[in-house]
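Given next are the chains, with one letter for each unit.
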Amino acid sequence: MSGWESYIAAIKEFGGESSALVGKNGSVWFMSSDWESNRAENEKTLLNLVKQYANEDEEGVADPYELRQHGVVLKPDPKYKIARVDKESGFAFGKGESKGLVIADFKQGLLIGAHGPKVSSENFNVRLTGLAKHLESSLP
């Protein structure tokens, strides 16, 4: 995980409790320790997200119906129901029992972050998608 610590720290700084970064090729670049405890299952979930985003519509965004229909399970968290997919910005967000989830799509991968109930979903989304844009401009 060396090299990713600053990104993990930034996500925690703006209220993230869990996070992962996965490349468009399905490789997991980092995963927070709580999601790491169920790595095999969570890698399958992350790979499935990559596949859903690869199955883009004519506007270049994952099919919102697929994301909303299946939701996202990253253990040990309960299932996140995807409430919104923004086609223009390339993000999706959802809610679990007590956490919110944001999926930020960028050229090289997906940045996924979960936040607790005391964090504004809107603010977390803005910060996470901003971090994804930074990653997009700094990664090859």
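Just above, that's the structure.
None of these values were measured; they are calculated from a predicted model.

Here is what the cut-offs are and how they apply
Residues numbered from 1 in each chain as written. Predicted model: local features only at pLDDT ≥ 70, side-chain atom pairs only at ≥ 80, totals over all residues. Heavy atoms only, no water. Helix = DSSP H or I, 4+ residues; strand = E, 2+ residues; numbered from the N terminus. Contact = heavy atoms within 4.5 Å. Pairing = 2+ DSSP bridges. Axes fitted to C-alpha atoms, helices over the stretch in contact; angles between N-to-C directions. Expected span 1.5 Å × (residues − 1). Buried < 20%, exposed > 50% of the residue type's maximum accessible area, 1.4 Å probe, protein only. Arc of directions from axis to C-beta. Salt bridge = Lys/Arg side-chain N within 4 Å of Asp/Glu carboxyl O. Core = buried A, V, L, I, M, F, W, Y, C linked by side-chain atoms within 4.5 Å.

**Comments concerning the environment of V102**
Part 1 of the reasoning: Tracing the chain through its elements places V102 in strand β5 (residues 100-106).
Part 2 of the reasoning: Look past the residues within four positions of V102 in its chain and what remains in contact with it is A92, F93, L111, I112, G113, F124, N125 and L128.

**Some words on the sheet that holds β5**
Within a beta sheet, neighbouring strands are joined by backbone hydrogen bonds and run either parallel or antiparallel to one another.
Part 1 of the reasoning: With antiparallel pairing, the six strands of this open sheet are ordered in space as β2-β1-β6-β5-β4-β3. Sheet topology places β2 (28-31) and β3 (81-86) at the edges, where each strand pairs with a single neighbour. Ignoring strand direction, the axes of neighbouring strands in this sheet form an average angle of 15°.

**Some points on helix α3 (residues 39-54)**
Part 1 of the reasoning: Taking 1.5 Å as the rise per residue, α3 with 16 residues should run 22 Å; its terminal C-alpha atoms sit 22 Å apart, in good agreement.
Part 2 of the reasoning: Taken together, the buried positions of α3 are occupied by N42, T45, L46, L49, V50, Q52 and Y53. Relative to the axis of α3, the buried residues are bounded by an arc of 160° and lie together on one face. Exposed positions of α3 whose direction lies more than 90 degrees from the buried face are A40, K44, K51 and A54.

**Re the pattern of salt bridges**
Part 1 of the reasoning: Scanning all chains against the criterion turns up seven salt bridges.
Part 2 of the reasoning: Its salt-bridge partner being K99, residue E17 comes within 3.5 Å of it at the nearest N-O pair. With E17 in strand β1 (residues 16-23) and K99 in the loop between β4 (91-95) and β5, this residue pair connects regions lying 82 residues apart in the sequence.
Part 3 of the reasoning: With relative accessibility at 41%, the residue E17 sits in the partly exposed group.
Part 4 of the reasoning: Classification of K99 by relative accessible area gives buried; the value is 14%.
Part 5 of the reasoning: K24 is the salt-bridge partner of D105, the closest N and O atoms lying 2.9 Å from each other. With D105 in strand β5 and K24 in the loop between β1 and β2, this pair connects stretches of sequence that are 81 residues apart.
Part 6 of the reasoning: In this structure, a network of salt bridges that share partners links the residues E17, D34, D77 and K99.

**With respect to the nonpolar core**
Part 1 of the reasoning: In this structure, L46, L101, I103 and I112 are the most contacted members of the largest nonpolar core, which totals 21 residues.
Part 2 of the reasoning: Only β1, β2, α3, β3, β5 and β6 (109-115) provide two or more residues apiece to this core.
Part 3 of the reasoning: Among the elements that line this core, the one with the most residues is α3, at four residues.
Part 4 of the reasoning: Excluding residues that lie within four positions of it along the chain, I103 makes contacts with L49, Y53, V72, I82, G90, F91, A92, L110, L111 and I112.
Part 5 of the reasoning: Judged by nonpolar contacts, the second largest core, of 16 residues, contains V102, A104, L128 and L135.

**A short note on the pairing of β2**
Part 1 of the reasoning: Here β1 runs beside β2; their pairing, made up of three bridges, is antiparallel. If you follow L21 over to β2, its bridge partner there is F30.
Part 2 of the reasoning: Between the end of β1 and the start of β2, which pair antiparallel, lie four residues, with G26 showing a positive phi angle near 90°.

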